[in-house]
Amino acid sequence: MEQSIHLYRKRYIPNECILLKDDHILKIENNLIITRWNTLKPRKDISFGYSAYFIDKGFKVSKMYNAQNKLVYWYCDIIDTEYDPTTNTYIFQDLLADVLIYPDNSVKVLDLDEIAILLEKGTEQACVALVLGGAAAEFFSMILGLILYLYDRKKLDGKRKSSCTIGENMIK
């Protein structure tokens, strides 16, 4: 019998590690995990979403929807992934900086203040986040590609397929 997969989200602020017990794995292959989930805590703005964990790239992209099935925004995280094959467990460590991309293609960077807080405290976590955040260049490149892809789709209004494939699995 195949052992079930366990997914955890670990954060520095607040310091927590939460089992994502209600996430449904839609696809898992090589260095990609795609899930569908409902919010952990009830929210007015977001009801459910889909997340794609690009394990080898060091980031996660989520599409977040409201209760009316309308896209609210894309949420992009820099992550570090730990995998324990003996328990078939993935721990996704949020490395603080996040980016929101709204349907109108506007962008908002979040949580940079959390890096400053950890640096002020002189905590090891901030140093780890900054070092592991070396994936940040690839992360922001991916975000630029995603924005261009969404812009191209909107501009062309579906008349031709975009050549950009970033996030292609999540857009369908």
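Residues numbered from 1 in each chain as written. Predicted model: local features only at pLDDT ≥ 70, side-chain atom pairs only at ≥ 80, totals over all residues. Heavy atoms only, no water.

Caption draft 1: Molecular detail of the overall build of the protein chain. Helix and strand content of the protein chain: four helices and nine strands. In the protein chain, the succession of helices and strands from N to C terminus is β-β-β-β-β-β-β-β-β-α-α-α-α. Each of the 172 residues in the protein chain was classed as buried or not, and the buried ones make up 42%. In the protein chain, 40% of the contacts between residues at least 6 apart in sequence involve partners at least 24 apart. Working note: accessible area of the protein chain is about 10,200 Å², and carbon and sulfur atoms make up 53% of it. (Helix = DSSP H or I, 4+ residues; strand = E, 2+ residues; numbered from the N terminus. Buried < 20%, exposed > 50% of the residue type's maximum accessible area, 1.4 Å probe, protein only. Contact = heavy atoms within 4.5 Å. Areas by Shrake-Rupley, 256 points an atom, 1.4 Å probe, with all protein chains shown as cover.)

Caption draft 2: Quick peek at the pattern of salt bridges. Tallied over the full model, the rule gives six salt bridges. Residue R11 pairs with E16 through a salt bridge whose shortest N-O separation is 2.9 Å. Taken together, the shared-partner salt bridges connect R9, R11 and E16 into one network. (Salt bridge = Lys/Arg side-chain N within 4 Å of Asp/Glu carboxyl O.)

Caption draft 3: The arrangement of the pairing of strand β3 (residues 24–29) in detail. Two elements, β3 and strand β4 (residues 32–38), share five bridges in a ladder whose sense is antiparallel. When the sheet's bridge partners are listed, E29 is paired in β4 with L32. Linking β3 to β4, which pair antiparallel, is a turn of two residues; within it N30 sits at a positive phi near 40°. (Pairing = 2+ DSSP bridges.)

Caption draft 4: Expanded view of a nonpolar patch on the surface. Where nonpolar side chains cluster on the molecular surface, the patch consists of V107, V109 and L112 and spans about 250 Å² of accessible area. The residue V109 is located in strand β9 (residues 107–110) in this model. (Patch = residues over 30% accessible without salt bridge, like charges linked within 9 Å, V, L, I, M, F, W, Y side chains within 5 Å.)

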